[in-house]
Amino acid sequence: MLESKVIIIKIGSNVLTQSDGMPDLERMKHLVSQISFLIEQGKKVVLVSSGAVAFGRQAVAIPEKLNPVFKKQIWAATGQIRLIHQYQGYFEKKGIQIAQILVTKEDFRDRKHFLNMKNCIEALLQQGILPVINENDTVTITELMFTDNDELASLTAAMINADTLMLLTNVDGIFTGNPAEPDSELIEKIASDTPEVSSYISATKSSFGRGGMLTKYAMAKKSADLGIQVIIANGKKNGVLQAFADKKLRCTWFEPKKKKQAPKKWLAHGAHYYKGEVFINSGAKASLTSDVIRSLLPIGITKLEGEFSKGDILLIRDEKGDKVGLGRAEYSSKSAIEKLGQKNHKALIHYNYLYLFDHD
Ligand SMILES: Nc1ncnc2c1ncn2[C@@H]1O[C@H](COP(=O)(O)OP(=O)(O)O)[C@@H](O)[C@H]1O
Ligand SMILES: N[C@@H](CCC(=O)OP(=O)(O)O)C(=O)O
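Residues numbered from 1 in each chain as written. Chains lettered and ligands numbered in written order. Predicted model: local features only at pLDDT ≥ 70, side-chain atom pairs only at ≥ 80, totals over all residues. Heavy atoms only, no water.

## With respect to the UniProt feature "binding site: ATP" (unreviewed entry) in the protein chain
This is how it is decided: UniProt positions are given in the numbering used here, feature names are shortened, and annotations may be inferred rather than shown by experiment. Secondary structure is summarised from DSSP: a helix means a run of H or I of at least four residues, a strand means a run of E of at least two, and numbering begins at the N terminus for each. Should any heavy atoms of two residues lie within 4.5 Å, those residues are considered in contact.
Mapped onto this numbering, the UniProt entry gives "binding site: ATP" (unreviewed entry) at K10. Tracing the backbone shows K10 in strand β1 (residues 6–11). If we skip the residues at most four places from it in the chain, K10 touches V48, S50, N149, D150, A153, M166, L167, L168 and K216.

## Focus: the packing of helix α2 (residues 52–59) against helix α3 (residues 68–93)
What describes two packed helices is the angle between their axes and the distance between those same axes. Cut-off, in case you're wondering: Where helices are involved, their axes are fitted lines through C-alpha atoms of the stretch in contact, as for all axes, and angles between N-to-C directions lie from 0 to 180°. Roughly parallel here means an angle under 35 degrees, roughly antiparallel means over 145, roughly perpendicular means 65 to 115, and every remaining angle is called oblique. In this classification, the charged set is Asp, Glu, Lys and Arg, the nonpolar set is Ala, Val, Leu, Ile, Met, Phe, Trp, Tyr, Cys and Pro, and all remaining amino acids, among them Gly, are polar.
Packing of α2 against α3 leaves a shortest axis separation of 6 Å and a crossing angle of 100°. For the element pair α2 / α3, the angle class is roughly perpendicular. Between α2 and α3, the residues in contact are A52, V53, F55, G56, R57 and A59 and K72, W75, A76, T78, G79, Q80, R82, L83 and Q86, respectively. Classifying every residue of the contact of α2 with α3 by side-chain character gives 7 nonpolar, 5 polar and 3 charged.

## Focus on the sheet that holds strand β2 (residues 44–49)
Selection criterion: Any two strands with at least two DSSP bridges between them are considered paired.
The sheet built from 8 strands is open, its strands ordered β3-β4-β2-β1-β5-β7-β8-β6 with mixed pairing. Since the sheet does not close on itself, it has two edges, and those belong to β3 (98–103) and β6 (189–190), each with one partner. Alignment of β6 against strand β8 (residues 252–254), held across 2 bridges, turns out to be parallel. Residue pairing in the sheet places I190 in a bridge with F254 of β8. The strands touched by α3 within the sheet are β1, β2, β3 and β4 (130–135), with β3 carrying the most contacts at an inclination of about 155°. Along the sheet, helix α7 (residues 213–225) contacts β1, β5 (164–169), β6, β7 (229–234) and β8; its crossing angle with β7, the most-contacted strand, is approximately 155°.

## Things to note about the confidence of the model for the protein chain
Close inspection of predicted coordinates is inappropriate in any region flagged by low pLDDT. In plain terms, the rule: pLDDT is a per-residue confidence score from the predictor, ranging from 0 to 100.
Of all residues in the protein chain, 96% attain a pLDDT of 70 or more, and the chain-wide mean is 91. Of the two predicted TM-score estimates for the complex, the pTM is 0.87 and the ipTM is 0.96.

## Looking at unusual backbone geometry
The test is simple: Per-residue accessibility, obtained with a 1.4 Å probe over protein chains only, is compared with the maximum for each type, and a residue is labelled buried under 20%, exposed over 50%, and partly exposed between these values.
The backbone of K247 shows a phi angle near 60°, a positive value even though the residue is not glycine. Structurally, K247 can be placed in the loop between α8 (240–245) and β8. With a phi angle near 55°, N344 is a residue other than glycine that sits in the positive phi range. Along the chain, N344 turns up in the loop between α11 (333–339) and β13 (349–356). On the basis of relative accessible area, N344 is assigned to the exposed category, the value being 77%.

## What to know about helix α5 (residues 111–126)
As a reminder, the rule being used: Expected span, for any helix, means 1.5 Å times one less than how many residues it has. Along the arc lie the directions from the helix axis toward the C-beta atoms.
With 16 residues, α5 ought to run about 22 Å at 1.5 Å a step, and its terminal C-alpha atoms sit 22 Å apart, in line with that. When α5 is considered as a whole, its buried residues turn out to be R111, F114, M117, K118, I121, L124 and L125. All buried residues of α5 lie within an arc of 160° about the axis, which places them on one face of the element. Of the exposed residues in α5, those oriented more than 90 degrees away from the buried face are K112, N116 and Q126. Directly beyond the C-terminal end of α5, a positive phi value near 75° is found at G128.

Right under this line is the structure:
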């Protein structure tokens, strides 16, 4: 494991709940003292915590037949204040101020929103305040939703240039089979040359989780590709963060690749957030994917789809329609259409804001 300074810690719903679904306040209190210990050690910590729906469900009775979306909204809205109130009480006793941040996918799509959020989190950290992030479940429904908070935590890690992402769940990490089976072994390290392990992971989730181990694995790999070390560990075990600090933690560790520049990290997560599509000719593709640093000029663009503004994310496709990468628009679709296929125009996507699949 590598040294860490800026850590995103994600706590899954099941870590904060008992087997009967009641909030596990003892566990929460213990994790608060573990996080406080890391902060005292000088680490900058951002907490991404699930648990709003679980806390709401136990406190607010709702008629069984009510629309499930309304149910979730009511539980999230009532549960989030309970969740944050508990955190606040426990952290205050440790002398740590917390701040609540509720986000939606839209906040990661728009570069302005993204930067506002990033600046706010950085300002809180500078003031020694612990940001506690969750999805704004009351407004995010179906397609607006993050897959789960593992995705949100991984986006947050990329956003604030964290060096470490820790996903705390109810198992020690990724196993070679069902973790409850004695034959299953913990996979302790996953590096770029480790063969695919997704076939070991079953789609079953813990009783209160949303995404399951498969999203944790996908998000962990993506973060490691961007240069962030990822740890999947058991938040139900006492002393988990102390063991991490002592480098004695039993976990699955994802070795990070070389660090990517910040805008590229934002783009790397943009596959679901793009506003327009740009089709490029073979010459432009060859140029972008060569070892030379190149931006995407209008002369190499054959077609544009969708309406976009300056700053929006664009998906780049080649002549066959295959996805080449993602980039940030330097100007709007309206201006871009006028320049299509022409020489001597400013790049639509600047190299610094270009992320190529499998190349970057
Ligand atoms: N190969 C595997 N290794 C570890 N866990 C697995 C594996 N396959 C499935 N799982 C399940 O994934 C669950 C954790 O994911 P999830 O329920 O989403 O947790 P969280 O609420 O912490 O996000 C574990 O409880 C475990 O049952
Ligand atoms: N935002 C939801 C959590 C959704 C979620 O991703 O849960 P989990 O898979 O337990 O991390 C809540 O607070 O209940």
